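Single-letter residue listing:
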Amino acid sequence: MHRSAPRLSRILACAAVPVMLVVAGCSSDSGDTKGSDSSASASAEKSEKAVEPAKFTELPDACDSIAKKSIADLVPKAKTKGGTPGKSSDTASRGGCSWNGLDDNGVKGSQYRWLDVGFTRFPSDQALGSGAKRATDEYTKQVSKTQATEKAKKVSAKPVSGLGEQATSVTYALSKSDEDFEYATVVARTGNVVVSVTYNGAGFAGAKSPSAATILKGAQKAATEAVASVGDSAGKSSSPSASPSKSAKSTGKASAKASEKADDKS
């Protein structure tokens, strides 16, 4: 009897070991689950974080983005003074307009001018990023593409200050149909919109072509107006048809009149 008691105790102690291990294992698994749940929650929170909303939700009418007076100055004798709108299947995201004209001075030669303005708007997208970031990428691409214009000569790119968030002017020369053309393209970004203005000119029938400085000055003038039109368009779309103060005054007057009528009847 005395010998069997210690033996029984040893058997019971050994039998208890697996139970303790199982309990410990369960406790460990429970801790891991909490950790993984926490990580998953953090990941979901990051993915659900909304991107910065786009600054502009629409574009201006490209043919109205440059003042008529400026068109008359930059493109004398324009064929279509109102401009020729570009074709776009989504005018809320893309728009453009162009003008061209030949100022014929008879035996003194002629001056040709061409102006083009384009707008590209990018909405914010959870998967693609904010509208401003997407517009910045497009801005960079357009500047690089302009610098790489085929057969361009004397290519020069310089930053332009005071025009949107960022802007670059690219000037170059091209020979077409035995004539020397001077070109200037200004690419600017304002918020989530990229504005591109290209202006060029040449002298025909013996007339001297305009200088690169003259063409650049014209392009920058047009670009300044085009960029401003983006903000103007947004302001018009957000302004209410009647201000709250006017509405309140009208309501107040109506209530006062109704009260006076009620007093008269009583």
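Residues numbered from 1 in each chain as written. Predicted model: local features only at pLDDT ≥ 70, side-chain atom pairs only at ≥ 80, totals over all residues. Heavy atoms only, no water.

**With respect to the overall build of the protein**
Broken down by element type, the protein carries five helices and seven strands. Order of helices (α) and strands (β) in the protein, N terminus to C terminus: α-α-β-β-β-α-β-β-β-β-α-α. The 266 residues of the protein split such that 32% are buried. A fraction of 57% describes how many contacts in the protein between residues 6 or more apart in sequence connect residues 24 or more apart. Per element, the accessible surface of the protein, about 17,000 Å² overall, is 55% carbon and sulfur. (Helix = DSSP H or I, 4+ residues; strand = E, 2+ residues; numbered from the N terminus. Buried < 20%, exposed > 50% of the residue type's maximum accessible area, 1.4 Å probe, protein only. Contact = heavy atoms within 4.5 Å. Areas by Shrake-Rupley, 256 points an atom, 1.4 Å probe, with all protein chains shown as cover.)

**Digging into the sheet that holds strand E1 (residues 84-85)**
If you trace the seven strands from one edge of the open sheet to the other, you get E1-E2-E3-E7-E6-E5-E4, paired in antiparallel fashion. Strands at the two margins of the open sheet, each flanked by one partner only, are E1 and strand E4 (153-159). Pairing analysis gives 11 bridges linking strand E5 (residues 166-176) to strand E6 (residues 179-190), with the strands arranged antiparallel. From the neighbouring strand, Gln166 faces E6, where its bridge partner is Arg189. In this fold helix H3 (residues 131-147) packs onto strand E3 (110-121), E4, E5, E6 and strand E7 (193-204), with an angle of close to 165° to the strand it touches most, E6. (Pairing = 2+ DSSP bridges. Axes fitted to C-alpha atoms, helices over the stretch in contact; angles between N-to-C directions.)

**Observations regarding the nonpolar core**
By size, the foremost hydrophobic cluster in this structure holds 31 residues, and its most contacted members are Trp99, Leu115, Val117, Phe119, Leu163, Val195 and Val197. Elements with a contribution of two residues or more to this core: helix H2 (68-74), strand E2 (94-104), E3, E6, E7 and helix H4 (212-238). For this core, the leading source of residues is H4, giving seven residues. Core analysis: the second largest hydrophobic core is formed by seven residues, Tyr112, Val170, Leu174 and Ala202 among them. (Core = buried A, V, L, I, M, F, W, Y, C linked by side-chain atoms within 4.5 Å.)

**Here's the deal with the state of the cysteines**
This structure, assessed with the given rule, holds one disulfide. Through a disulfide, Cys63 is tied to Cys97; the S-S separation comes to 2.1 Å. Its torsion about the S-S bond being 95°, the disulfide of Cys63 and Cys97 is classed as right-handed. Highlighted residues: Cys63 in the loop between helix H1 (4-48) and H2 and Cys97 in strand E2, separated in sequence by 34 residues. (Disulfide = S-S within 2.5 Å.)

**With respect to the pattern of salt bridges**
Here the structure, examined in full by the defined rule, presents three salt bridges. Asp137 is the partner of Lys133 in a salt bridge, and the nearest nitrogen-oxygen pair spans 3.3 Å. With a gap of four residues between them, Lys133 and Asp137 both fall in helix H3, about one helical turn apart. Of the residues examined, Asp137 reaches a relative accessible area of 37% and is grouped as partly exposed. (Salt bridge = Lys/Arg side-chain N within 4 Å of Asp/Glu carboxyl O.)

**Quick look at the pairing of E2**
Pairing between E1 and E2: two bridges, direction antiparallel. Along E2, the bridge assignment pairs Pro85 with Cys97. Pairing of E2 with E3, which is carried by 11 bridges, proceeds in the antiparallel orientation. Bridged to Gly101 within E3 is Arg113. Linkage of E2 to E3, two consecutive antiparallel strands, is achieved through a turn of five residues, within which Gly106 is found at a positive phi near 60°.

**What about the environment of Ala157?**
Note that Ala157 resides in strand E4. Once the C-alpha coordinates of Ala157 and Tyr172 are considered, the two residues, 15 residues apart in sequence, prove to be 9.0 Å apart. When residues no more than four places from it in sequence are discounted, the contact partners of Ala157 are Gln147, Thr168, Ser169 and Val170.

**Re unusual backbone geometry**
A positive phi angle is found at Lys77, which is not glycine, with a value near 60°. As for its position among the elements, Lys77 is in the loop between H2 and E1.

**Looking at the confidence of the model for the protein**
With 70% of its residues at a pLDDT of 70 or more, the protein shows a mean pLDDT of 81. Within the protein, H3 carries the highest mean pLDDT (98), whereas helix H5 (residues 244-265) carries the lowest (43). pLDDT under 50 marks residues 11-31. Its contacts with residues more than four places away, or in other chains, come to zero contacts. (pLDDT = per-residue confidence, 0-100.)

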